[in-house]
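Observations on the model geometry
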Amino acid sequence: MGDAPKPVRVVVLGGGTAGWMTAAGIAKLLPGIASVQLVESEEIGIVGVGEATLPHIRGFVEKLGIDEAAFMKATHATYKLGIDFRDFGRIGESYIHPFGSFGEEVQGVGFHHWWLELARHGMAREIGDYSLAVAAAKANRFRPPAQGDGLASTFGYAYQFDATLFGPFMRDFAREIGVERHEGRVVSVERDAQSGDVVALSLADGRRVVGDLFVDCSGFRSILLGQELGEAWEDWTHWLPCDRAAAMPCTHATPDLRPYTTATAMPAGWRWQIPLQHRMGNGYVFSSAHITEEQACDAIIAAAEGTPLADPRILKFRPGRRARSWSHNVIGVGLASGFLEPLESTSIYLAQMAITYLIELFPTGGTVDPRDRDEFNRLVDMEYVRVRDFLILHYHATTRDDSEFWNHVRMMQVPDSLAGKLELWRRAGRIEKYSDGLFYDASWIAVYVGQGMLPEAHDPRAAMIAPDALQRATERLRMAVAGEVATMPGHRDYLMREAARLAEAA
Amino acid sequence: MSAPREPLRRIVVAGGGQLGILAAIALRRALPSCEVVVVGGDPGPAAFADASPTAMPFTNKLHDRLGVEEAAIVTRAGGSYRLVTRYVGWDESGQDAVVAYGEALDPALKTAFARDWGRVRLPGEGAPPAGSLAEVLASAARFAPPPPGEPTPISAVDYALRWNPAAYRDLLIATAESLGIGYVAGVIDRIEPGEGDNLRAIGIAGQGEIAADLFIDCTGPQAALLASHPRFAFTDWSATLPTRHVYIGEPTAPVIALEDRLTLTRAGWVSEVAGLDGRRAMLGTPAPLPRAEAEALLGARALGAVALTPGRVEAPWIGNVVALGDASARFEPLGPLHLDLAHRQLALLVEMLPGRAITPLERDEYNRRSVLMMEGVHEILALHFASAPAQTVFGARPLPGRLVAVIDQFERRGRIPFREELPLLSQEQFALLVALGWTPGLPPAALAADAAGEARARAAFAAEAEAALAFAPPYDQWLARALQPRANPG
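Because the structure is predicted, anything quoted here is derived from the model rather than measured. (Residues numbered from 1 in each chain as written. Chains lettered and ligands numbered in written order. Predicted model: local features only at pLDDT ≥ 70, side-chain atom pairs only at ≥ 80, totals over all residues. Heavy atoms only, no water.)

1. A closer look at the overall build of chain A
How we decide: Helix numbers and strand numbers start at the N terminus; a helix is a DSSP run of H or I with at least 4 residues, a strand a run of E with at least 2. For a compact globule the rule gives 2.2 Å times the number of residues to the power 0.38, and the radius of gyration it is set against comes from C-alpha atoms. Burial classification: accessible surface area is computed with a 1.4 Å probe over protein chains only, and a residue below 20% of its type maximum counts as buried, one above 50% as exposed, and the rest as partly exposed. Each accessible area is a Shrake-Rupley result for a 1.4 Å probe, and residues are judged covered by the shown protein chains and nothing else.
Helix and strand counts for chain A come out as 15 helices and 23 strands. Against the 2.2 N^0.38 benchmark of 23 Å for 506 residues, chain A shows a C-alpha radius of gyration of 23 Å, consistent with a compact globule. Within chain A, the proportion of its 506 residues that are buried is 59%. When the accessible area of chain A is evaluated, it comes to approximately 19100 Å², of which 49% is carbon and sulfur surface.

Written as structure tokens, this is what we have:
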């Protein structure tokens with residue numbers, strides 16, 4: 001483009017997952033528009049732990065032109081159809097929140113109303129039996145969804161991968177497409193006296209990295225957005241009390257490979273099991289107000305099904321977010337802008353979301369327009385609050401009274417935005433609808449039903465069909481689901497089919 | 001354990017225009033055990049949804065669900081097809097532009113078109129290339145509704161239907177009768193309050209009263225039921241929407257066309273809808289016009305004029321009364337937004353169909369979404385009057401909702417911020433903004449994209465356009481065949 005202005009100098013601070021995703025995204029999607037430098041220090045570790053993702057990650061990887069198999073190989077990735085939540089509503093109960101739907105709408109009435117009617121007559125199977133994603137997950141089977149609108153298309157998938165390998169994979173990719181890396185610790189931040197904009201970062205060895213736009217990916221330290229610009233922190237600890245994780249990998253205990261992540265509620269939080277190609281990631285997300293770090297470490301060692309591959313390490317975090325993610329010429333991506341615990345694997349999504357909006361609203365001339373900044377902050381705000389409410393639901397929709405932690409979350413007052421949704425569900429079995437942001441009807445239904453929070457009433461139309469006719473129809477669906485699952489290969493078999501996606505044995 | 005809610009036993013639909021009857025059909029189909037009674041006749045020409053000879057693509061889907069057959073509308077109600085709307089006089093440059101339905105363009109192609117649209121055109125250079133398959137087909141006058149369920153070169157083309165309102169209403173009445181929907185002619189002369197915010201019954205002059213669990217107000221702008229509710233409140237849109245007078249033209253000679261028109265004139269806007277029963281024109285002005293002048297602009301004798309105070313009800317569902325269409329929002333009939341809005345509200349009501357006892361939160365949720373729908377219409381209409389030529393006719397006005405940000409994002413970035421429940425898809429809004437004279441900016445990623453990708457997208461579109469033209473028959477010939485009496489099939 002002959003009339004292209006000088007590239008905007010983007011400086012990314014921090015070389016974790018968010019930092020290298022940002023650098024790779026901007027360098028790949030805005031060539032000539034932006035030049036990207038990244039400052040990271042080997043002295044500072046990254047937070048990334050065994051991570052599970054949401055289906056959106058596939059769009060990101062694809063947009064960057066990255067081959068799926070190469071990406072899976074590099075990050076030891078497996079496929080993911082959803083999350084198995086255990087003991088959340090009540091100890092001993094579990095359900096899968098799938099990347100997919102339950103049954104289908106019939107005569108304009110959502111499937112869950114028909115299911116509730118069947119349940120009333122004692123004729124309903126578990127709601128997951130009517131979901132292809134759930135049934136496949138339970139059977140440890142996997143095949144990518146089909147095109148079109150048949151049953152085989154009614155789910156999506158994501159990956160479970162090693163986040164400590166995802167960052168470096170993104171780094172290699174980014175450096176290959178021209179991102180310049182500076183090794184060093186930032187000792188001071190230079191700002192324009194008049195505008196307050198950040199002008200340059202000074203490194204410990206005296207170097208000075210000058211830029212037009214700064215992306216703060218410095219994790220919880222939030223060096224630019226929090227420390228330098230003093231952007232206020234909105235704390236959500238009251239609703240999401242977990243503030244630590246004890247993470248520890250172990251060997252696979254069984255030859256099977258689950259195409260799903262497991263989240264098991266614990267006395268002071270919950271623990272994850274994320275199956276990667278050669279090991280299982282484990283971690284106990286807990287509230288330090290309720291148990292000590294030692295207790296958490298002991299608990300995760302005790303809970304691991306395979307042989308531990310390392311000592312547990314403690315990660316600290318704070319749920320909440322900066323009031324604005326974009327202030328002056330600084331944009332926070334990842335933990336520097338906010339944190340929501342990994343209960344629904346949203347961390348990488350939230351970073352990806354911010355990167356996508358930043359690219360859409362990128363200041364191509366180098367000067368930030370306040371209107372773009374406001375639009376960015378509006379969008380990020382909406383996404384965070386919607387995810388937050390959905391996470392709170394997992395804690396609040398419970399009958400557990402076996403610990404102080406569960407008593408707190410069960411009895412706490414939830415945000416108004418969530419209280420209204422809960423009441424609408426209780427009274428009428430309906431879900432508040434929106435088309436923007438994460439987590440639609442099926443997700444809310446999965447958690448409500450899975451955690452035993454059934455409504456008091458459902459759609460009157462569901463009772464217009466004789467129960468046995470209704471049962472025959474849903475049985476046909478269940479058989480179709482089971483039949484489809486029977487044709488799917490095992491998750492491990494499918495994964496192994498192509499050597500290109502397999503990592504070398506660790 | 002969850003129990004099914006006790007179903008509604010009787011629903012009264014007030015207002016027997018094409019909206020009220022379709023509402024009755026939808027409710028009866030949703031709840032066959034429930035008695036549905038339509039009370040009163042057609043609310044008249046000021047109820048724009050009821051008088052509308054056309055709708056938008058959403059209505060086709062609703063018709064499908066309700067068993068109102070498109071083929072029946074064509075053969076029995078003078079049905080015809082609109083692929084595009086041509087905007088004349090809204091763009092300062094004097095360039096016409098057409099707006100099609102749907103969201104079928106790939107991003108690279110959209111960028112390529114944005115470059116064409118954004119470029120300064122030399123006099124005599126002609127119009128920019130077609131921006132949709134619909135436009136290609138409309139200018140070649142070729143089309144037939146694509147057979148459902150099989151992929152064809154024109155399956156991605158979305159369309160709207162037009163019809164003769166009286167014949168379409170008769171078609172709906174026949175359906176309503178076959179479904180056992182009751183009808184009471186007469187005038188509603190009183191409202192009998194019930195418990196709390198509910199209505200118990202309505203009185204019909206000289207015929208006693210009729211009670212119901214749920215009342216649907218389809219009586220047009222007078223909102224005969226809702227407006228008599230003590231908690232009724234109205235949100236005025238006068239500051240943002242300038243049309244005060246709407247002149248309705250007498251149908252003139254039949255027109256077979258795949259396009260309709262919205263023209264900005266010195267005195268106001270003119271909408272023209274083609275029809276097999278004649279061309280129907282309406283004129284909207286900020287101030288009253290002498291009859292002769294109005295008729296000159298209409299190109300037809302004026303049947304009448306409607307005075308307009310635009311606005312919406314604060315809550316379209318109060319107690320057990322739900323207002324649809326003109327009973328919930330009044331605005332200029334600049335395009336077929338009235339019936340589209342009414343039908344989307346109706347679909348929402350059927351989706352959220354309450355039990356006999358209504359819970360406040362479901363009402364709140366319905367009202368939240370219905371208000372989003374109405375405010376979405378408000379935004380789209382106000383956009384028309386924000387164009388520079390429209391401001392010289394109607395004066396400058398503040399922009400409602402998020403329009404300032406939308407126009408700004410569009411001009412600088414070619415970006416349409418997402419809003420819930422809008423009447424137009426993002427790509428339709430994009431085309432409308434272009435038609436109204438705004439120049440799309442380019443998204444940052446498009447500035448960086450290579451020209452080869454756009455060239456490939458253009459070439460692919462050219463090939464699709466060629467295939468569509470080869471597949472679609474001349475529209476007039478197809479229509480003539482479709483309308484032939486089927487006396488000797490085979």
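2. Structural notes on the interface of chain B and chain A
Worth spelling out the cut-off: Should any heavy atoms of two residues lie within 4.5 Å, those residues are considered in contact. The buried area of a pairing is the accessible area, by a 1.4 Å probe, that goes missing from both parts when the two are put together, added over both. Criterion for a salt bridge: a side-chain nitrogen of Lys or Arg within 4 Å of a carboxyl oxygen of Asp or Glu. Polar contacts, as used here, are pairs of N or O atoms within 3.5 Å; protein pairs need one atom able to donate a hydrogen and one able to accept it. Residues neighboring in sequence count only if both atoms are side-chain atoms. Put simply, Ala, Val, Leu, Ile, Met, Phe, Trp, Tyr, Cys and Pro go in the nonpolar bin, Asp, Glu, Lys and Arg in the charged bin, and everything else, Gly too, in the polar bin.
Between chain B and chain A, the residue contacts involve 36 residues of the former and 43 residues of the latter. For the chain B face of the interface with chain A, the top three residues by lost area are B:Ser2, B:Pro4 and B:Arg415, together amounting to 17%. Put simply, chain B and chain A have 8 salt bridges between them. Linking chain B with chain A are 22 residue pairs in polar contact (both at pLDDT 80 or more). Per-element tally for the side of chain B that touches chain A: the top contributor is helix α10 (residues 360–386) of chain B, with 5 residues. Looking at the side of chain B that touches chain A residue by residue, the classes come out as 18 nonpolar, 5 polar and 13 charged.

3. Quick word on the sheet that holds strand β11 (residues 208–211) of chain B
Strand pairs in the sheet, formed through backbone hydrogen bonds, run parallel or antiparallel to each other. All names here are of chain B. To keep it simple, the criterion reads: Criterion used throughout: strands pair if DSSP finds at least two bridges between them. Every axis corresponds to a line fitted to the C-alpha atoms, with the helix fit spanning only the stretch in contact, and the corresponding angles, defined between N-to-C directions, vary from 0 to 180 degrees.
Pairing in this open sheet of 3 strands is antiparallel, and the strands run β9-β10-β11 from one edge to the other. A strand with exactly one partner marks an edge of an open sheet, and here the two such strands are β9 (188–193) and β11. Averaged over all adjacent pairs, the angle separating strand axes in this sheet is 25°, with direction ignored. Relative to strand β10 (residues 199–204), β9 runs antiparallel, the two sharing 5 bridges. Paired with isoleucine 188 across the bridge in β10 is isoleucine 204.

4. Observations regarding the pairing of strand β12 (residues 214–217) of chain B
Residue and element names in this part refer to chain B. Residues of β12 alternate between two faces, with Leu214 and Ile216 on one and Phe215 and Asp217 on the opposite face, all of them buried. Here 4 bridges tie strand β2 (residues 10–14) to β12, and the two strands are oriented parallel to one another. Opposite valine 13, over in β12, you have isoleucine 216 as the bridge partner.

5. Re the pairing of strand β2 (residues 34–40) of chain A
Residue and element names in this part refer to chain A. To keep it simple, the criterion reads: Seen with its strands pointing away from the viewer, a crossover is right-handed if its path from the first strand over the helix to the second goes clockwise.
Counting buried positions along β2 gives 6 out of 7 residues, so the element sits mostly inside the fold. Here strand β1 (residues 8–13) pairs with β2 via 6 bridges, running parallel. In the strand pairing of β2, valine 12 is matched with leucine 38. You can see the chain leave β1, run along helix α1 (residues 17–29) and come back into β2, and the turn it takes is right-handed. Note that β2 and strand β8 (residues 180–183) share 4 bridges and pair parallel.

6. A look at the domain arrangement of chain B
All names here are of chain B. The cut-off we apply is this: These domain limits were set by an automatic method or by a database of domain assignments.
Taken domain by domain, chain B holds domain 1 (1–53 + 164–236 + 311–377), domain 2 (83–158 + 402–485) and domain 3 (247–307). The gap between the C-alpha centroids of domain 2 and domain 3 is 26 Å. Summing both sides of the interface, domain 2 and domain 3 together bury roughly 1200 Å²; the carbon and sulfur share of this comes to 68%. The largest contributions to the domain 2 side of the interface with domain 3 come from Arg86, Val88 and Trp90, which together make up 41% of the buried area. If you look at where domain 2 meets domain 3, you find 1 salt bridge. Between glutamate 259 and arginine 86 there is a salt bridge; the shortest N-O distance is 2.9 Å. The interface formed by domain 2 and domain 3 contains 9 residue pairs in polar contact (both at pLDDT 80 or more).

7. Digging into unusual backbone geometry
Residues and elements named next belong to chain A. Although it is not a glycine, asparagine 140 adopts a positive phi angle of roughly 55°. With respect to the secondary-structure elements, asparagine 140 resides in the loop between α5 (132–138) and β7 (158–162). A residue is classified by how much of its surface remains accessible, and asparagine 140, at 14% relative accessible area, is buried. Even without being glycine, serine 345 reaches a positive phi, approximately 55°. Relative to the assigned elements, serine 345 resides in the loop between β22 (338–339) and α9 (347–360).

8. So, the pattern of salt bridges
If you walk through the whole model with that rule in mind, you get 69 salt bridges over all chains. A single salt-bridge network, built from bridges that share partners, covers A:Asp369, A:Arg371, A:Asp372, B:Asp408, B:Arg412 and B:Arg413.

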